[in-house]
Amino acid sequence: MQEGFYRDTWVEVNLDAISQNVSAMKKLIGEQTKIIAVVKANAYGHGAIQVAHAALESGASMLAVAFLDEAIQLRQAGFDCPILVMGATRAQDVHVAVSYGITLTIFSLDWAKEASQYVDQGDVLLHVKVDTGMGRLGVTGVDELQAILEFAQEHEHFHIEGIFTHFATADETNSPYYLKQLAKFQEVIADVPKGNLLIHCANSAAGLKDKASLYNAVRQGISMYGLTPSVEMKKELPFELHEAFSLKTKLVHVKQLKKGDKVSYGATYEAEENEWIGTLPIGYADGWLRKLQDSEVLIEGKRMQLVGRICMDQCMVKLPYELPVGTNVTLIGRQGNEVISSDEVAERLETINYEVPCTISSRVPRIFFKKQRIIEKANPLLLKRPGKV
Ligand SMILES: Cc1ncc(COP(=O)(O)O)c(C=O)c1O
């Protein structure tokens, strides 16, 4: 049993892989271009605080998240670097960002006007979001951008420190839409006095493939975690990515079923002969989704098949022979020469690799490794509550 948690299912996060991926990106984009480490959604399920430390130690100089709460979590953990909230923040919460020195995204003139009514002291640090084709947040043209810049100039508490956009198709090879967005961004910011503004538009995909997208910074997300932005980009990566996320469990029960015995809800799996079946303490409530029925896991370095429906907390694997309770099982990661990558799981789930680590729920403890040694275990379920033992 791993001290710090009391179940035999856990995620291992290799922080050296995070460091390698950030250093490699830094080498690729050059000293002049900053790395903004995207650690939203608990660092894509990896663990925001630990990943942020590794990223900043390896060449990133700023963090980005989606929501103010995530930024506050990082400040409260002691990070004093710039932290950008890329999503929308409620205008009435702007003073909270001011008190924490967190940078917000200004995405419309209406938002700017409303937010200005809630601030009468301190500095509101802002990056303007330009919508060049995502159809999501952001100003859509030069006029609104100019109006925002003028509005900010007249408002003593507003400080515009950056301008950015986000690509919809940077992960596609030869995407005319990507080029169109880049051209629109260039056009929209053409007459803006750049001064010390941090201008950034590249996500991992753009940063990996197109120097023209770099400006002052790359917002590195998926590639920091060692995953490719898309399957098609895999063939043309400029450096090797190191996957940081593994998902592991153990056999907690092993039994022999007789020919004709059934397994799991719906009794959909029937033993064709006398079969050894192992029970794994992981299920769809952990993010090991029902669609992963019949997928493979690694035991003793070999692929073995899950059988029957995946339950909320457990699932079953067909074993070639009796194996001891406590045998290690890898659901994502390497065992011997075999690897099950997040890409493979994503393919099974008919989704993108981004969704795989994000989906592994907070019920699964995270163990952080550096130089092959455990440096921390995080189990949100067992955080000590004040006043309770
Ligand atoms: C605005 C913004 N910038 C950057 C990123 C990072 O993108 P990637 O994970 O593809 O590097 C994201 C992620 O979705 C994002 O929403």
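Residues numbered from 1 in each chain as written. Predicted model: local features only at pLDDT ≥ 70, side-chain atom pairs only at ≥ 80, totals over all residues. Heavy atoms only, no water.

### Some remarks on the overall build of the chain
Line of reasoning, step 1. The helix and strand inventory of the chain stands at 11 helices and 21 strands.
Line of reasoning, step 2. On C-alpha atoms alone, the chain measures out to a radius of gyration of 24 Å, which is about the 21 Å that the 2.2 N^0.38 rule sets for 389 residues.
Line of reasoning, step 3. Considering only C-alpha atoms, the chain reaches an extent of 80 × 55 × 40 Å along its principal axes.
Line of reasoning, step 4. Evaluated residue by residue, the chain yields a buried proportion of 53% over its 389 residues.
Line of reasoning, step 5. In the chain, 66% of the contacts between residues at least 6 apart in sequence involve partners at least 24 apart.
Line of reasoning, step 6. When the accessible area of the chain is evaluated, it comes to approximately 18300 Å², of which 48% is carbon and sulfur surface. (Helix = DSSP H or I, 4+ residues; strand = E, 2+ residues; numbered from the N terminus. Rg over C-alpha atoms; globule rule 2.2 N^0.38 Å. Buried < 20%, exposed > 50% of the residue type's maximum accessible area, 1.4 Å probe, protein only. Contact = heavy atoms within 4.5 Å. Areas by Shrake-Rupley, 256 points an atom, 1.4 Å probe, with all protein chains shown as cover.)

### Some points on the pattern of salt bridges
Line of reasoning, step 1. Counted by the stated rule, this structure contains 14 salt bridges.
Line of reasoning, step 2. In this structure, E344 and R303 form a salt bridge, with 2.9 Å as the shortest nitrogen-oxygen distance. Note that E344 is positioned in helix α10 (residues 342–349) and R303 in strand β16 (residues 302–307), a separation of 41 residues in sequence.
Line of reasoning, step 3. Residues joined in a network through salt bridges with shared partners are R7, D286, D313 and R363. (Salt bridge = Lys/Arg side-chain N within 4 Å of Asp/Glu carboxyl O.)

### Thoughts on the packing of aromatic side chains
Line of reasoning, step 1. Taken as a whole, this structure holds seven aromatic pairs when the rule is applied.
Line of reasoning, step 2. Of the aromatic side chains, those joined through ring pairs into one cluster are Y44, Y225 and Y354.
Line of reasoning, step 3. The lysine or arginine in question, K209, covers the ring of Y178, its NZ or CZ lying 4.8 Å from the ring centre. (Phe/Tyr/Trp six-rings, centres within 6.5 Å; stacked < 30°, edge-to-face > 60°. Lys NZ or Arg CZ within 6 Å of the ring centre and 35° of its normal.)

### Here we look at the site of the ligand
Line of reasoning, step 1. Every residue close to the ligand is listed here: V38, K40, Y44, M86, R136, H166, N203, S204, R219, G221, I222 and Y354.
Line of reasoning, step 2. Contacts to the ligand include H166, whose side-chain N or O atom sits 3.5 Å from a nitrogen atom.
Line of reasoning, step 3. In this structure, an oxygen atom belonging to the ligand sits 2.6 Å away from a side-chain N or O atom of S204.
Line of reasoning, step 4. Along the lines of polarity and charge, the residues of the shell around the ligand split into five nonpolar, four polar and three charged. (Near = heavy atom within 4 Å. Polar contact = N/O pair within 3.5 Å; in protein donor to acceptor, adjacent residues only side chain to side chain. Nonpolar A, V, L, I, M, F, W, Y, C, P; charged D, E, K, R; others polar.)

### Points about the domain arrangement of the chain
Line of reasoning, step 1. Splitting the chain by domain gives domain 1 (15–225) and domain 2 (245–382).
Line of reasoning, step 2. Summing the contributions of domain 1 and of domain 2, the shared interface buries around 1100 Å²; its carbon and sulfur component is 57%.
Line of reasoning, step 3. Together, L15, H46 and Q50 form the three largest contributors to the area buried by domain 1 at its contact with domain 2, with a combined 43%.
Line of reasoning, step 4. Its salt-bridge partner being K370, residue E57 comes within 3.1 Å of it at the nearest N-O pair.
Line of reasoning, step 5. Summed over the shared surface of domain 1 and domain 2, the number is six residue pairs in polar contact (both at pLDDT 80 or more).
Line of reasoning, step 6. Looking at the side of domain 1 that touches domain 2, the elements that each hand over two or more residues are α1 (15–29), α2 (40–44) and α3 (48–57). (Domains from an automatic or database assignment. Buried area = accessible area lost by both parts, 1.4 Å probe.)

### Things to note about the pairing of strand β2 (residues 34–38)
Line of reasoning, step 1. For β2, a buried count of four out of five residues is recorded, marking the element as mostly surrounded by other parts of the structure.
Line of reasoning, step 2. The pairing of β2 with strand β9 (residues 217–220) spans four bridges and is classified as parallel. Paired with I36 across the bridge in β9 is R219.
Line of reasoning, step 3. Here three bridges tie β2 to strand β3 (residues 62–65), and the two strands are oriented parallel to one another. The partner of I36 across the bridge, within β3, is M62. (Pairing = 2+ DSSP bridges.)

### Looking at the nonpolar core
Line of reasoning, step 1. One finds V39, L247 and W288 to be the most contacted residues of the largest nonpolar core, which totals 118 residues.
Line of reasoning, step 2. With six residues, the single largest contributor to this core is α1.
Line of reasoning, step 3. Discounting residues that sit within four places of it in the chain, V39 has contacts with A48, V51, A52, L63, A64, V65, L74, M224 and Y225.
Line of reasoning, step 4. Counting eight residues, the second-largest nonpolar core is a separate cluster that includes L257, Y269, A271 and V307. (Core = buried A, V, L, I, M, F, W, Y, C linked by side-chain atoms within 4.5 Å.)

### What to know about helix α6 (residues 109–116)
Line of reasoning, step 1. L109, W111, A112, A115 and S116 are the residues of α6 that are buried. Axial view of α6: buried residues confined to an arc of 160°, hence all on one face.
Line of reasoning, step 2. Structurally, α6 contributes buried residues whose contacts are with α5 (94–100), β5 (104–106), β6 (124–129), α7 (142–154) and β7 (158–164). (Arc of directions from axis to C-beta.)

### A short note on a nonpolar patch on the surface
Line of reasoning, step 1. Side chains of Y6, L381 and L382 sit close together on the surface and give an oily, nonpolar patch of about 360 Å² of accessible area.
Line of reasoning, step 2. Here L381 is to be found in the segment after β21 (373–378).
Line of reasoning, step 3. For L381, a relative accessible area of 56% corresponds to the exposed category. (Patch = residues over 30% accessible without salt bridge, like charges linked within 9 Å, V, L, I, M, F, W, Y side chains within 5 Å.)

### Examining the UniProt feature "active site" (unreviewed entry) in the chain
Line of reasoning, step 1. The feature "active site" (unreviewed entry), as annotated in UniProt, sits at K40 and Y265 in this numbering. These annotated residues cover 226 residues of sequence, and their C-alpha atoms sit far apart, with the largest distance between any two at 35.5 Å.
Line of reasoning, step 2. Along the chain, K40 turns up in helix α2.
Line of reasoning, step 3. Apart from residues lying up to four places away in sequence, K40 is in contact with A64, V65, A66, E70 and M86.
Line of reasoning, step 4. Among the structural elements, Y265 can be located in the loop between β12 (262–263) and β13 (269–270).
Line of reasoning, step 5. If near-sequence neighbours (up to four positions away) are discounted, Y265 is found in contact with R309 and C311. (UniProt positions renumbered as here; feature names shortened; annotations may be inferred.)

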